[in-house]
Structures are given as C-alpha cells and as structure tokens.
Amino acid sequence: MVEAVLIDLFSLPANLQNNIQGLLHNTLETIEKCSSIHAPCVYVMCCQRQGSERKGEQEFLLPALRGFQSLKRRLEVVCAQTTAAALYTIKQRLDEKDLSIIKVILPNLRKDLMKVYIDHLFTAVYQFEFEDLQVVSGCESLQISEPQHEGQTLPSQDMALIQSEIQMYLESLPSLKGELTILRSSLIPDDIFLHGFTTRTGGISYIPTLSSCNLFSSSKRRDPQVVVKENLRRLAKAAGFNPEAFHRVKIDHANAVCIMGKTEPDNYDGIVTNQKGVTLAAPGADCIPVLFADPVRKACGAAHSGWKGTLLGVSMATVNAMVSAYGCNMKDILVVLGPSVGPCCYKLPYESAKEFHRIDPKCVRLFDSANPYIDIRRATRILLERGGILPENIQDDSIKDQNQNITFCTACHPDKFYSHFRDGTNFGTQIGFISIKD
C-alpha cells in the first residue's frame, strides 16, 4: 500500500507556474477522484526561481487546499532551485517517518528524468510507482493516467548533467555531528605511510543510525551510493589521499586476499599493495578493520576481520600475501587493530565460542553460558604472534599508554562509532585506510 505521494510540479511551463494554486487544487481533486490513493503524506515539489524567493510556500498554497481539510494536514510543499535539492529534501521527510512506498505523479515528459534522479538518490529499500500528470499548456486542465509506454534511456549528456547537479548539491551541504575526525596510530611511520581510522562525524548522512560519515552503501540501507561517495570525498580531502585511487575489500567474512595488480577475486576480506598513492581500505562496524605496514619493503595492506574471518585467519592470510608478493620479512610487518566491538559487549552462541576457546581460553568470558562474551581482538593478536609477527609490532587495546589507544569498543561509544551489534540492520560503517606516500 502506498505510504506517500509525490506530486512533481517542478518543470511546469511558466504560465502554469504562475497559477500553481489552481494546478494544485485540480491535481489533488484528481488524486481523490481518480487515483484512489489514501496515503499518510503528500509532498508537492515546486521550482523556486532565483531572484523570486517565496516565503511560506505552505501559506501561499493554502487557497488551493480548500475542500481538502484532511489532506491539508498531511501535505508539505517543497520548493527548491534544483530537482536534486527538492527530491533530497523530500527523501529526508520520508526517512524521518520511515516511509518506503511512494507514488510519484508527474508530467510524462519528466518520468525518465525523475527515474534517473531516484536511481541516484534512493536505494532498493524504497519502492516507487509512477502515474502520468497530463498538463495542457495554456490552461489548467490536468489528467492523471497510467503510463502509456516504457521509459527511454536518457542521452549520456543528460545523465552527466544530472550526476553533476546531484554532486554539486551534496557538496554544498554542511557537515553533521561535528568535524571529520581521523584516528592514527603512532606505530605506523607517517613519513612513509598515510593511514587512519574514521569515526562517525563530519559527513552528510542524516539518518540517525547512519549519521554522519557513513562509508558504506547497500541495497538494505537508506544511504545511497552518492552520499557515501560524498562522505569519502570529504574524508579524502581531510586525509590527503586520492578518492579515485581507492580500493575497498569486497567482504565475504572469509580469508581470501587480493594482491593489487593480479587477478581480483570475486570476494576478499584482505587486500595488499606496494604501489604508491593507492589507498586500501577495510570497513568495520564491530568487525575489526586491520591495517598492515612494512616500512622496509614499503608495502601495506588492509583486512576486515569479523568473528568468522578471525577464526579463518584473515589477518595472517594478509601478512602471508605481503610476504609472498613483495618479499616482506615477517619481523618488519606492523599491524594495527582499529575500533571494533570489545569483549565487554560482544557475545556469540556457545558453539561458536568454543572455537575461540580453543585458540585461548582467555578469549572467552562466561564460557559455560549460552552466549559467552568473545574477545576477537585477543584471538587476532594470538594468531598473528603464532604466525611470526612480533608482539611489539601489534597495536590493539592492550597498549600500555591508553592515551595512544585507538582500538575503542564501537558498541560502547555511540557518539564516535557505528555498531551493527548496537544499532541493528540499518547501521553505518567506518573504515581503516592506508597507502604508501608518493
């Protein structure tokens, strides 16, 4: 069932823009009589022309709402200078109310254009239906009808203009939840490597569990790829790396490793390189983003280590890839564990906990319970040390000087970090990143 209606009056001819009250009245009347739409919210999207800003659009259109008293309480007018700005504002309203099924009523000639905007600004969480709004130039006659034909692909030039408009609008938005913050390890030499771990502040994501510097988009979340790309652009500018030479692991919760320059696996949780200026990244929202650096052979890597990847040895697999691909000496490799869920918060079912208990009983607390507490960080350290990494070359939450600690518990610090364990399915993601300086 439709949860919201969007009436697109953005690109009406100038003579109809000037008589928008009559247009809106007729449109709402047609909706009630012809469309049988009973939605909780109605949004009207209008063009605000430069130099002629209107104040109080809702008040301006009130005469058009006479006879629609029940609808008036559920209607909002959104006026903006670009389609991207108007549609993104409406997206915010939908997200505030957790609405996902939207009926779009718009002129037929706008349909293909609108679908491109929607593809960029929304994810598969949302469902859109379309109805035609027939506007006859020179009069106020409106008619809503079902689509008569399938949409056509827009010319590449138009696609590029839409992408540019969206990008410019997102770049103009203020950062939320404070300044962008990057955590850095004193173990990794900053004269050779550029690296860091992100926090949740300084981006433009506004949904509570994703705000504000969310760095991952998926079909199950409400942050579209364009928003994540803008967050990454801001991070790259602050950190000093090229976002066009950015490579993130393709998570499989296993132990495959991608060696840059060789055939890329379909999925991998570790990635290594010896190429300068290439930034590698591993996400984490409880799972550990692990960074690797060899200042002697000048090679680096990143790995995503959740509980499954930890048991499968993804960190040592990444180390072994550096050794085999670049001739690294195990004794020279530095490893830093980033913000991740701590043993204070993280639980697993007993059968999974047994696997950590086999690594070391100290990795499990309350072992006899149905859901023991698990220390995936300690397990990662133990496996790295057994593999040949020097204990002093591993930085985690066991560091003596807590002022140098960057391996915070993500679940315990909602103001600083995202947490799947804490926030549920629509969670945000931070990353660890590293590159070799030019």
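Relevant structure appears above.
As the structure is a computational prediction, the values presented were derived from the model and not from experiment.

Participant: Which parts of the structure should I look at to understand the overall build of the protein chain?
Facilitator: Within the protein chain one finds 13 helices and 19 strands. Within the protein chain, the fraction of its 438 residues that count as buried is 54%. Surface exposure of the protein chain reaches about 19,500 Å², of which carbon and sulfur atoms provide 49%.

Participant: I keep staring at the sheet that holds strand E9 (residues 246–248) and nothing clicks. Help me out?
Facilitator: Paired through backbone hydrogen bonds, the strands of a sheet run either parallel or antiparallel to each other. Ordered in space as E7-E8-E19-E12-E9, the five strands form an open sheet in which the pairing is mixed. A single partner strand is all that each edge strand has here, and the edge strands are strand E7 (182–183) and E9.

Participant: Quick question: what am I supposed to make of the sheet that holds strand E14 (residues 299–305) here?
Facilitator: Read across the open sheet, the six strands follow the order E10-E11-E14-E13-E15-E18; overall the sheet is mixed. Among the strands making up the open sheet, the edge pair consists of strand E10 (257–259) and strand E18 (394–395). Here strand E11 (residues 270–273) pairs with E14 via four bridges, running antiparallel. Its bridge partner lying in E14, Thr-273 is registered against Cys-300. Here helix H10 (residues 314–326) sits on the sheet in contact with E10, E11, strand E13 (288–294) and E14, set at roughly 160 degrees to E14.

Participant: Just to check I follow, could you spell out the nonpolar core for this structure?
Facilitator: Across soluble globular proteins, you tend to see nonpolar side chains buried next to one another. Of all hydrophobic cores here, the largest spans 40 residues; its most connected members are Leu-87 and Leu-170. Secondary-structure elements contributing two or more residues to this core are strand E1 (4–9), strand E2 (41–47), strand E3 (75–80), helix H5 (83–96), strand E4 (101–106), helix H6 (111–121), helix H7 (156–172) and helix H8 (225–239). Per element, the largest residue contribution to this core is seven residues, and it comes from H5. Leu-170 has contacts with Tyr-88, Ile-204, Val-226, Val-227, Glu-230 and Arg-234, leaving out every residue within four places of it along the chain. Within the second largest apolar cluster, 38 residues are counted, among which are Ala-303, Ala-353, Cys-363 and Ile-389.

Participant: Sorry if this is basic, but what is going on with the packing of aromatic side chains here?
Facilitator: Across all of its chains, the model carries nine aromatic pairs by this definition. Ring centres of Tyr-88 and Tyr-169 lie 5.9 Å apart, and the angle between their planes is 70 degrees; on these two criteria the pair is classed as edge-to-face. Of this pair, Tyr-88 sits in helix H5 while Tyr-169 sits in helix H7, and the two are 81 residues apart along the sequence. Taking relative accessible area as the criterion, Tyr-88 reaches 2% and is therefore assigned buried. The class of Tyr-169 is buried, set by a relative accessible area of 18%. The interplanar angle of 35 degrees and the centroid separation of 5.1 Å between the aromatic rings of Tyr-350 and Phe-367 together place this pair among those described as tilted.

Participant: Would you mind going over the side chain of Ser-100 with me for this structure?
Facilitator: Among the structural elements, Ser-100 can be located in the loop between H5 and E4. In this structure the side chain of Ser-100 is engaged in a polar contact, spanning 2.7 Å, whose partner is the side chain of Arg-222. Setting aside residues no more than four positions away along its own chain, Ser-100 makes contact with Glu-3, Val-125, Tyr-126, Gln-127 and Arg-222.

Participant: When you look at the side chain of Asp-8 in this model, what are you seeing that I'm missing?
Facilitator: Along the chain, the position of Asp-8 falls in strand E1. Assessed through its relative accessible area of 1%, Asp-8 is described here as buried. Residues within four places of Asp-8 in sequence aside, it is in contact with Met-45, Ile-105, Leu-106, Pro-107, Arg-110, Met-114 and Leu-133.

Participant: I'm lost on the pattern of salt bridges in this one. Help?
Facilitator: Opposite charge on two side chains allows them to pair when their charged atoms are near. Applying the stated rule across the entire model yields 19 salt bridges. Put simply, Glu-230 and Arg-233 hold a salt bridge, and the shortest N to O gap is 2.8 Å. Of this pair, Glu-230 and Arg-233 both sit in helix H8, three residues apart, which is roughly one turn of that helix. Owing to a relative accessible area of 4%, Glu-230 belongs among the buried residues under this scheme. Residues Glu-385 and Arg-381 are paired through a salt bridge, measuring 2.9 Å at the closest nitrogen-oxygen approach.

About the thresholds
Residues numbered from 1 in each chain as written. Predicted model: local features only at pLDDT ≥ 70, side-chain atom pairs only at ≥ 80, totals over all residues. Heavy atoms only, no water. Helix = DSSP H or I, 4+ residues; strand = E, 2+ residues; numbered from the N terminus. Buried < 20%, exposed > 50% of the residue type's maximum accessible area, 1.4 Å probe, protein only. Areas by Shrake-Rupley, 256 points an atom, 1.4 Å probe, with all protein chains shown as cover. Pairing = 2+ DSSP bridges. Contact = heavy atoms within 4.5 Å. Axes fitted to C-alpha atoms, helices over the stretch in contact; angles between N-to-C directions. Core = buried A, V, L, I, M, F, W, Y, C linked by side-chain atoms within 4.5 Å. Phe/Tyr/Trp six-rings, centres within 6.5 Å; stacked < 30°, edge-to-face > 60°. Polar contact = N/O pair within 3.5 Å; in protein donor to acceptor, adjacent residues only side chain to side chain. Salt bridge = Lys/Arg side-chain N within 4 Å of Asp/Glu carboxyl O.

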